[in-house]
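# Observations on the model geometry
The primary structure of each chain is shown beneath.
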Amino acid sequence: MKAVHEPNHDSSDELLDRALQATLAQPAPHDVRQRVIETAAAWSHGTTPGHPQQRGRFALPVRLTTGHFATARTVRAVLSNFRGRGRLGLAAAAAFVATVAGILWLSHPNASWAQVAEALRTKPWSLGKYTTPDGEVHEDWLSFSRDVSAHRHGDSVQFSDHRLNVTYEYNAKERTLTRHLDPQADHKKRADRWFEKVFHQISRGAEQLDFAASDVELVEQTRGPATKHGRTWLSYELVIRVVDADVVDPKPIVRLTLLVDPQTRLPHYLVMSDPNMNPPSIEMEVSYPETGPIDIYDLGIPRDAELVDLVPTDDIRRVISEIKSSAERFEEHLALNVMSDALSPWYVGTPFAVWRKGTSYRMVYGVVDAASVSTRTPKSDADQRQWWKSRWTELFQVPHEICDGSTYWNNEGLPAGWSDQPNKPNPITWRRATWPQPKWKSRPERHPWPAGSSPLFIAYPQNLVNFSAFRWKPVLDLTPADGPANTVKVILRTGTTGSSSGEERYWIDAQRSHMVARYESVTWDATNSPPVEVVNLSQVVETADRSPQGIWYPTLIRHISVTEQTGVKKTIETITRHYLDFDVKFTDDLFKPAERPGEPLE
Amino acid sequence: MPDWESIVRTHGPMAFDTAWRLLGNVADAEEVVQDALMDAFRLHSQRTVDNWGGLLRRLAVCRAIDRLRTRQLVQPFTDEPMSAESDRPDAAAIERELAERLRWAITKLPDREAGVLSLRYLGEMTSAEIANTLGISAGAVGTALCKARTKLKEMLSVETMTHRRTPE
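Residues numbered from 1 in each chain as written. Chains lettered and ligands numbered in written order. Predicted model: local features only at pLDDT ≥ 70, side-chain atom pairs only at ≥ 80, totals over all residues. Heavy atoms only, no water.

Attention now moves to the overall build of chain B. For chain B, the helix and strand inventory stands at eight helices and zero strands. The helix and strand sequence of chain B, counted from the amino end, reads α-α-α-α-α-α-α-α. Out of the 168 residues belonging to chain B, those deemed buried represent 57%. Per element, the accessible surface of chain B, about 6600 Å² overall, is 52% carbon and sulfur. (Helix = DSSP H or I, 4+ residues; strand = E, 2+ residues; numbered from the N terminus. Buried < 20%, exposed > 50% of the residue type's maximum accessible area, 1.4 Å probe, protein only. Areas by Shrake-Rupley, 256 points an atom, 1.4 Å probe, with all protein chains shown as cover.)

Residue and element names in this part refer to chain A. Both strand β1 (residues 126-131) and strand β2 (residues 137-143) contribute to a ladder of six bridges, which runs antiparallel. When the bridges of β2 are listed, Lys129 appears paired with Glu139. Between the end of β1 and the start of β2, which pair antiparallel, lie five residues, with Gly135 showing a positive phi angle near 90°. Pairing of β1 with strand β11 (residues 281-287) involves three bridges; the strand directions are antiparallel. For Leu127, the partnering residue across the bridge sits in β11 and is Ser287. (Pairing = 2+ DSSP bridges.)

This next bit is on the side chain of Asp369 of chain A. All names here are of chain A. Looking at the secondary structure, you find Asp369 in strand β15 (residues 360-369). Buried charge without a partner: Asp369 forms no salt bridge, and the closest opposite charge is Arg432, 5.4 Å away. Side-chain polar atoms of Asp369 contact the backbone nitrogen of Arg432, separated by 3.0 Å. (Lys, Arg positive; Asp, Glu negative; His and termini not counted. Salt bridge = Lys/Arg side-chain N within 4 Å of Asp/Glu carboxyl O. Polar contact = N/O pair within 3.5 Å; in protein donor to acceptor, adjacent residues only side chain to side chain.)

Attention shifts here to the nonpolar core. Within soluble globular proteins, side chains that are nonpolar generally end up buried alongside one another. Of all hydrophobic cores here, the largest spans 62 residues; its most connected members are Trp4, Leu22, Leu102, Ile106 and Leu152 of chain B. Those residues in contact with Leu22 of chain B, other than ones at most four positions away along the chain, are Val61, Ala64, Ile65, Leu68, Arg103, Ile106, Ser118 and Leu122 of chain B. Ranked by size, the runner-up nonpolar core spans 37 residues in total, among them Ile316, Leu456, Val490 and Trp552 of chain A. (Core = buried A, V, L, I, M, F, W, Y, C linked by side-chain atoms within 4.5 Å. Contact = heavy atoms within 4.5 Å.)

Residue placement: Thr107 of chain B occurs in helix α4 (residues 91-107). Non-local contacts of Thr107 of chain B, meaning those with residues more than four positions away in its chain, are made with Lys173 of chain A together with Leu68 and Arg69 of chain B.

With that out of the way, let us pick up the packing of helix α1 (residues 4-23) of chain B against helix α2 (residues 26-44) of chain B. Residue and element names in this part refer to chain B. α2 packs onto α1 with a crossing angle of 145° between their chain directions and a minimal axis gap of 9 Å. Of the two elements, α1 crosses α2, and the hand of that crossing is right-handed. Side by side, α1 and α2 meet where Trp4, Ile7, Ala15, Phe16, Ala19, Trp20 and Leu23 of the first sit next to Val26, Asp28, Ala29, Glu30, Val32, Val33, Leu37, Ala40, Phe41 and His44 of the second. For the contact of α1 with α2, the residue count by class is 14 nonpolar, one polar and two charged. (Axes fitted to C-alpha atoms, helices over the stretch in contact; angles between N-to-C directions. Left-handed = near helix turned anticlockwise from the far one by under 90°. Nonpolar A, V, L, I, M, F, W, Y, C, P; charged D, E, K, R; others polar.)

Within a pair of aromatic rings, the relevant descriptors are the distance that separates the centres and the angle that separates the planes. Residue and element names in this part refer to chain A. In total, this model carries 15 aromatic pairs over all chains according to the counting rule given. Taking the centre distance of 5.9 Å and the plane angle of 85° together, the rings of Trp125 and Trp141 count as edge-to-face. Here Trp125 is found in the loop between α6 (113-122) and β1, whereas its partner Trp141 is found in strand β2, with 16 residues between them in sequence. You can call Trp125 buried: its relative accessible area is 4%. (Phe/Tyr/Trp six-rings, centres within 6.5 Å; stacked < 30°, edge-to-face > 60°.)

What follows deals with the pattern of salt bridges. Scanning the entire structure with this criterion turns up 26 salt bridges over all chains. The salt bridge involving Glu237 of chain A is made with Arg255 of chain A; its shortest N-O contact spans 3.3 Å. With Glu237 of chain A in strand β8 (residues 231-242) and Arg255 of chain A in strand β9 (residues 253-260), this pair connects stretches of sequence that are 18 residues apart. Put simply, Asp35 of chain B and Arg63 of chain B hold a salt bridge, and the shortest N to O gap is 3.8 Å. Placement of the pair is Asp35 of chain B in helix α2 and Arg63 of chain B in helix α3 (residues 52-71), with a sequence separation of 28 residues. Looking at Arg63 of chain B, the relative accessible area reads 15%, which means it is buried. Three or more residues joined by partner-sharing salt bridges are found here, namely Glu503, Arg505, Arg518 and Glu520 of chain A.

All names here are of chain A. The predicted model of chain A averages 73 in pLDDT, with 69% of residues at 70 or higher. Confidence drops under pLDDT 50 across residues 46-121; counting only partners more than four residues distant or on other chains, this segment forms 214 contacts. A low-confidence stretch, residues 495-500 stays under pLDDT 50, and its non-local contacts, those more than four residues away or across chains, total 16 contacts. (pLDDT = per-residue confidence, 0-100.)

Let's shift gears to α1 of chain B. The largest bend in α1 of chain B is about 45°, located at His11 of chain B, with the proline Pro13 of chain B one to four residues further on. In the segment just after α1 of chain B, Gly24 of chain B is the residue with positive phi, at about 65°. (Bend = angle between axes of the 7 residues up to and from the residue.)

All names here are of chain B. Among the secondary structure elements, Ala64 is positioned in helix α3. The exposure class assigned to Ala64 is buried, which follows from its relative accessible area of 0%. Contacts of Ala64, omitting those with residues within four sequence positions, involve Ala19, Leu22, Leu23 and Val32.

Turning our eyes to something else, we now look at unusual backbone geometry. All names here are of chain A. Positive phi values are uncommon outside glycine, yet Arg175 reaches one of about 50°. Among the secondary structure elements, Arg175 is positioned in the loop between β5 (166-171) and β6 (176-181). Taking relative accessible area as the criterion, Arg175 reaches 40% and is therefore assigned partly exposed. Within the chain, Asn486 stands out as a residue other than glycine whose phi angle is a positive 60°. Structurally, Asn486 can be placed in the loop between β20 (473-477) and β21 (487-494).

Okay, helix α5 (residues 111-122) of chain B next. All names here are of chain B. The end-to-end C-alpha separation of α5 is 15 Å, in line with the 16 Å expected for twelve residues at 1.5 Å each. Buried residues dominate α5, accounting for ten of its twelve residues. Within α5, burial applies to Glu113, Ala114, Gly115, Val116, Leu117, Ser118, Leu119, Arg120, Tyr121 and Leu122. Among the residues trailing α5, Glu124 stands out with phi positive, at a value near 55°. (Expected span 1.5 Å × (residues − 1).)

With that settled, consider the packing of helix α1 (residues 14-25) of chain A against helix α7 (residues 138-156) of chain B. Contact geometry for α1 of chain A and α7 of chain B: axes closest at 9 Å, N-to-C directions at 95°. Judged by the inter-axis angle, α1 of chain A sits roughly perpendicular to α7 of chain B. Where α1 of chain A approaches α7 of chain B, its residues Leu15, Leu16, Asp17, Ala19 and Leu20 of chain A are matched on the opposing element by Arg149, Leu152, Lys153 and Leu156 of chain B. The residue makeup of the contact of α1 of chain A with α7 of chain B, split by class, is six nonpolar, no polar and three charged. (Parallel < 35°, antiparallel > 145°, perpendicular 65-115°, else oblique.)

What follows is the structure in structure tokens.
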């Protein structure tokens, strides 16, 4: 470990140096570090064989440009409901107990829905309170009748209107009030569904609980009387193991104890324990006040706080909704796609086939066998689609990605020496005899979308189809000064202080089913002052066609990327041609990692 | 240009450790480093980088400081003065508190000072490496480091902490 002492060190530095030493002395979690490294190291493999969305040739891994990280965050966010991580975990636990309170209400035995509704009206608020080891009091408010919730501890205040899917957060330091879409909405819904199912069964006295959840499993559950503060309560104890694949072994085990009033069936205490949580155990007391905060200002926020509004405008929502609609309506198809250098004739390139049905897809590359390279020059009037279909049978096929709508498989089987050549020429050529058998790696897929492997990926990109207002700040330009005619421009911005930041620009053709007609990925080179804009990738749809249902899709896309090697900028231009077939019929077996000799285009 | 996998395996662990030291939280460190690596991966395809180790640590530090600030950490300690003795029975707890206090204090520094200090002490980089990574002079690094240390010493003092905890 490097000494932290500087020259001219005096005694007044001692506390600072001790603090630095203390920080350095905390052992890093080696298992997590290893997982992060292994995941990132595999990104370069994820590019293989290349696909047309990449910057230059074989640059960006497929999953990076789509929802991979969003998915990881989704999983972690949901897990935080169970496991917690410092204060975030406590907040999640607070949200959890509010959920539990509501569910137990809803599952009140022998109550009709009308009685439940009446009960909700008579108990308009629940308030969960807990104290952290530093003495700080956390409050969680929930109103079913108003469908709002709030959290407060110290200067940190958050208020959510669930009907509007809007959350307000106050930053005391900057005296700003940020309004944004609730980033946890999907996670909460998923967790709510799970809890609702579990507690509904408990309230009905089921002996065996049905736990059809991918992330958690019930280890043990008991029910019986318990005494606290001189009262007898009905105690529910659940022991839950978090089994999600993204969680490092050993899988965490969380113990939940609910103390319920046997008369009213309302919960009054929740104890949540996990030795890995900080603190390892928390107890929340739940009460049911008659009044509560109806907006964030009722929680003490100054009314002159500056409002920062990140909620997309109605115009942006409408455009995104149209894009999503087109993507979802796009019919099942087989796309034969060919990636070529810009100066190459249409028959020189790397083909890749994509079968797509709903949220399921299969992507396979065609690779030239280096041991028997054969080049063919088609007749001048040859049908390009038919020629490539025929050519496909002369290549050997490498399946790359498969998704059945809920599970994603990636083929990590690569030949030795593959990574030594980062920019591979088109067509991809390799010795078939040395190409290994597929080595599939799977993970749950929450937002399936044919990533980078289909013209749909560019025409209806994941960033817009599964738009996350939390991650992106969208800007809509209805009359852009640049880009193709008759388009509107949507800019998605991201970025954090001092790190590389950038934006994604989409020119959307509203007259052609809101297809993206042009795309740019831009970063700012922060090594210059002021930072210089760098367009790393642009994609322009040059020709397009319509599906049988009238949804537009690209048939030729030009990709221009800028790379820099040894200080010299280099522009790489490629073209992908897309031949789509909507008449093909295929079964769901196609979307499993089963071998399909020759990967026939049918 | 070195291949991505070797860059990650060579320099990724130190970037992770740097973020971990700054954040002291597994989930945050994991997410921050993933994002930093994603930034670096983009750059890998776009330009030549002389010092991948420095760049990765810089990206990790920037994001970690952002994350620390987002947490809106409230100073979580008692008003008990920090003892200079390390052989007390509760020494380990005190050391953890010290580390947490330092993290809180770093969030209060200006960007450059926070970054330079973090790279120097938590990222274990030399002043020359920091200067090269940030594209500033070695003198500017020294100045930022000196200012950061001065401010941190002040913020870590008991008087400051006690004052800060006084309700407004």
